[in-house]
Amino acid sequence: MSTDRFAVLRAWLAARWSGWSLRTPADVERQQARLWRAMASIVARTEAVSALAGRPLPDFPIMEPNTLREDFDAWNTLCLTRAEAEAAALAGEAGGSDEVRPGVVAGFSSGSSGRPGLFVTSAAERAGWVGHILARLLPADALLRPTRIALCLRADNRLYGDVAAAGPFRFLFVGLDVPGPERFARLRAFTPDVLIAPSQVLADLARRTDPPWPLRRLFYGAEPMGEAERGWIAAALGVRPDPIYQATEGFLGAPCRLGTLHLNEDVLIIEREPVPGTNRFLPIVTDLRRTTQPMIRVRLPDLLEPLAAPCPCGSPLTAVHPVEGRLEDLWRWPGAVICPRTAESAVSAALGPGLDWRALATPRGVKVEADPEGIEAAQSALQTLLAEHGVDVPVTAGGRPVPDGVKRRRVRWSDG
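What comes next concerns the included structure. Remember, predicted model here, so these are calculated numbers, not experimental data.

### Concerning the overall build of the protein chain
Consideration 1: Helix and strand counts for the protein chain stand at 12 helices and 21 strands.
Consideration 2: At 22 Å, the protein chain has a C-alpha radius of gyration in line with the 22 Å of a compact globule built from 416 residues.
Consideration 3: Principal-axis analysis of the C-alpha atoms gives the protein chain an extent of 60 × 50 × 45 Å.

### A word on the pairing of strand β5 (residues 169-175)
Moving residue by residue along a regular strand, the side chains alternate between the two faces of the sheet.
Consideration 1: Burial analysis of β5 places five of its seven residues in the buried class, the great majority of the element.
Consideration 2: Where strand β4 (residues 147-153) lies against β5, seven bridges are found, and the strand directions are parallel. Looking across to β5, one finds that Thr147 is bridged to Phe169.

### Overview of the packing of helix α8 (residues 180-190) against helix α9 (residues 199-208)
Consideration 1: Two numbers describe how α8 lies on α9: the axes approach to 10 Å, and their chain directions differ by 80°. By the criterion of interaxial angle, the relationship of α8 to α9 is roughly perpendicular. Facing Gly180, Pro181, Arg183, Phe184 and Leu187 of α8, the residues of α9 in contact are Val201, Asp204, Leu205 and Arg208.
Consideration 2: Per-class residue counts for the contact of α8 with α9 are five nonpolar, one polar and three charged.

### A short note on the sheet that holds strand β15 (residues 319-320)
Backbone-to-backbone hydrogen bonds join strands into a sheet, with any given pair of strands oriented parallel or antiparallel.
Consideration 1: The strand order across the open sheet built from four strands is β9-β10-β11-β15, with neighbouring strands paired in antiparallel fashion. The outermost strands of the open sheet, each flanked by one partner alone, are β9 (245-247) and β15.
Consideration 2: Contacts between helix α6 (residues 123-137) and the sheet are confined to β9 and β10 (250-255), with β10 contributing the most and set at about 15° to the helix.

### Quick look at helix α10 (residues 227-237)
Consideration 1: By the burial criterion, the buried members of α10 are Glu229, Arg230, Ile233, Ala234, Ala236 and Leu237. Projected down its long axis, α10 carries its buried residues within an arc of 165°, all on one side. In this structure, α10 carries Glu227 and Ala235 as exposed residues pointing more than 90 degrees from its buried face.
Consideration 2: In this structure, the buried residues of α10 make contact with α9, β7 (217-220) and β8 (241-243).
Consideration 3: With its phi angle positive at about 85°, Gly238 sits one or two positions after the end of α10.

### Comments concerning the side chain of Asp302
Consideration 1: Mapped onto the elements, Asp302 comes out in the loop between β14 (298-299) and β15.
Consideration 2: With relative accessibility at 8%, the residue Asp302 sits in the buried group.
Consideration 3: Here the side chain of Asp302 touches Tyr245 through a polar contact of 2.6 Å, side chain to side chain.
Consideration 4: Those residues in contact with Asp302 that sit more than four places away from it in its chain are Tyr245, Phe281, Leu282, Pro283, Val323, Gly325 and Arg326.

### Things to note about the side chain of Arg290
Consideration 1: One can find Arg290 in the loop between β13 (281-287) and β14.
Consideration 2: For Arg290, the side chain forms a polar contact with the side chain of Gln293, separated by 3.3 Å.
Consideration 3: The residues touching Arg290, leaving out its near neighbours within four places in the chain, are Met39, Ile42, Phe119, Val120, Glu125, Thr248, Glu249, Gly250 and Met295.

### Thoughts on unusual backbone geometry
Consideration 1: Positive phi is not limited to glycine here, since Thr191 has a value of about 45°.
Consideration 2: By relative accessible area, Thr191 is classed as partly exposed at 32%.

### A short note on the pattern of salt bridges
Consideration 1: Enumeration over the complete set of coordinates arrives at 29 salt bridges.
Consideration 2: Residue Arg30 pairs with Asp27 through a salt bridge whose shortest N-O separation is 2.4 Å. Here Arg30 pairs with Asp27, and both are found in helix α2 (residues 25-38), just three residues apart, close to one helical turn.
Consideration 3: Judged by its relative accessible area of 54%, Arg30 is exposed.
Consideration 4: For Asp27, a relative accessible area of 19% gives the class buried.

### Concerning the nonpolar core
Consideration 1: Ranked by internal contacts, the top residues of the largest apolar core, which has 31 residues, are Trp36, Phe60, Tyr245, Leu252, Leu263 and Ile296.
Consideration 2: Only α2, α3 (40-44), β9, β11 (261-263), β12 (268-274) and β13 provide two or more residues apiece to this core.
Consideration 3: A per-element tally of this core places β12 first, with three residues.

### A look at the packing of aromatic side chains
To describe a pair of aromatic rings, one takes the distance between the centres and the angle between the planes.
Consideration 1: The full count for this structure, using the stated rule, is four aromatic pairs.
Consideration 2: Ring centres 5.3 Å apart and planes at 80° place the aromatic pair Trp36 and Phe60 in the edge-to-face group. A residue pair is termed long-range when its members are at least 10 positions apart, and Trp36 in helix α2 and Phe60 in the loop between α3 and α4 (65-70) qualify at 24 residues.
Consideration 3: Three or more aromatic residues link up through ring pairs in this structure, and these residues are Trp331, Trp333 and Trp413.
Consideration 4: Just above the ring of Phe190 sits the side chain of Arg148; from NZ or CZ to the centre is 5.7 Å.
Consideration 5: Lying across the ring of Phe281, Arg272 places its NZ or CZ 4.9 Å from the centre.

### Topic: the state of the cysteines
Consideration 1: As enumerated under the stated definition, the model contains zero disulfides in all.
Consideration 2: As a non-bridged cysteine, Cys313 has Cys311 as the owner of its nearest cysteine sulfur, 3.5 Å distant.

### Some points on the environment of Phe173
Consideration 1: Here Phe173 shows up in strand β5.
Consideration 2: Given a relative accessible area of 18%, Phe173 falls into the buried group.
Consideration 3: Separated by 20 residues in the primary sequence, Phe173 and Leu153 have C-alpha atoms spaced 7.8 Å apart.

Scoring rules and cut-offs
Residues numbered from 1 in each chain as written. Predicted model: local features only at pLDDT ≥ 70, side-chain atom pairs only at ≥ 80, totals over all residues. Heavy atoms only, no water. Helix = DSSP H or I, 4+ residues; strand = E, 2+ residues; numbered from the N terminus. Rg over C-alpha atoms; globule rule 2.2 N^0.38 Å. Buried < 20%, exposed > 50% of the residue type's maximum accessible area, 1.4 Å probe, protein only. Pairing = 2+ DSSP bridges. Axes fitted to C-alpha atoms, helices over the stretch in contact; angles between N-to-C directions. Parallel < 35°, antiparallel > 145°, perpendicular 65-115°, else oblique. Contact = heavy atoms within 4.5 Å. Nonpolar A, V, L, I, M, F, W, Y, C, P; charged D, E, K, R; others polar. Arc of directions from axis to C-beta. Polar contact = N/O pair within 3.5 Å; in protein donor to acceptor, adjacent residues only side chain to side chain. Salt bridge = Lys/Arg side-chain N within 4 Å of Asp/Glu carboxyl O. Core = buried A, V, L, I, M, F, W, Y, C linked by side-chain atoms within 4.5 Å. Phe/Tyr/Trp six-rings, centres within 6.5 Å; stacked < 30°, edge-to-face > 60°. Lys NZ or Arg CZ within 6 Å of the ring centre and 35° of its normal. Disulfide = S-S within 2.5 Å.

Scope: geometric values only; no functional claims are made or implied.
Below, the structure is given as structure tokens:
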């Protein structure tokens, strides 16, 4: 199945045009309203919400991702069953065909727990995604200039292959199951111009590298990255790592030229649900371009914090701090809430960015694990942080951090 380069180019031009033409929040809202009106026919073909076709967005129910995935059969417009889509996705990961209908492919995207989220996309949707992501992440000459792109994720899928086929690109995929030394060697031999990887992979590369890499752009996603770690990786690899906000639910955010994460509100409506006791919000996402598996008012558990002032880049798209964790990662005691970024900053300031660590809080206390040379400093930093918030629980020291598996989660909460 070949990539429709003309469709990619149209999507690329549309994204570029949005960057030039959307000057104010009112411009963004008008575009969103126009795209939402055009979604009425898609809604009418979606069993779960067909009765609401043509209604205003607030009339639609707010959905949890797991509910949406479990009710997969009613949330696609092609009468697909979850069983046949999963079979195609598994076949694709095993090297076979991932097509579940002609031109329609299925794939998995891992959540923080490692449980895969199932998605299906048409050829037109994939071309739109490719054009949009190329326009947001790469320079204006990206479709003309030879570029080596390397990607490190849990598993490969058709979307990434479509990127490779969309222009003069060489593409390398390295799975997260590849051991660190081998991953480093393969990436070094490939000498990518653009590298996209989770935070823990970039940190591992920073520990192993000598001279800076010949990178033009460096991106991280899937896991939080603190500012201290971001600066350390930038110094080691020679390029500032910038955040990408990508999920099963869509391409949600991209960095501007200054490295600030902006929500892709030119093709999404993102409502905000405030998180009590914080200045964070949960995004309620409506994708205005998905036609095969509509995403309408899907509430994600990601903690987002808007910037205190408009981004100097001038974009009208909402500027937020990089995703710091999930709602379930908040530390909560009577009268006190500590956000993951606050805990991360305290520990990283005490240890430095090169040491590994984890901190698990419960109603009864906090247990911190760290590399041996940093455990006492981490324990002391967290004791000070808790005291500043009026929390009187012990901080105990554990051993070395245990690898998290699919995604690194340094700051976690458990009710147990």
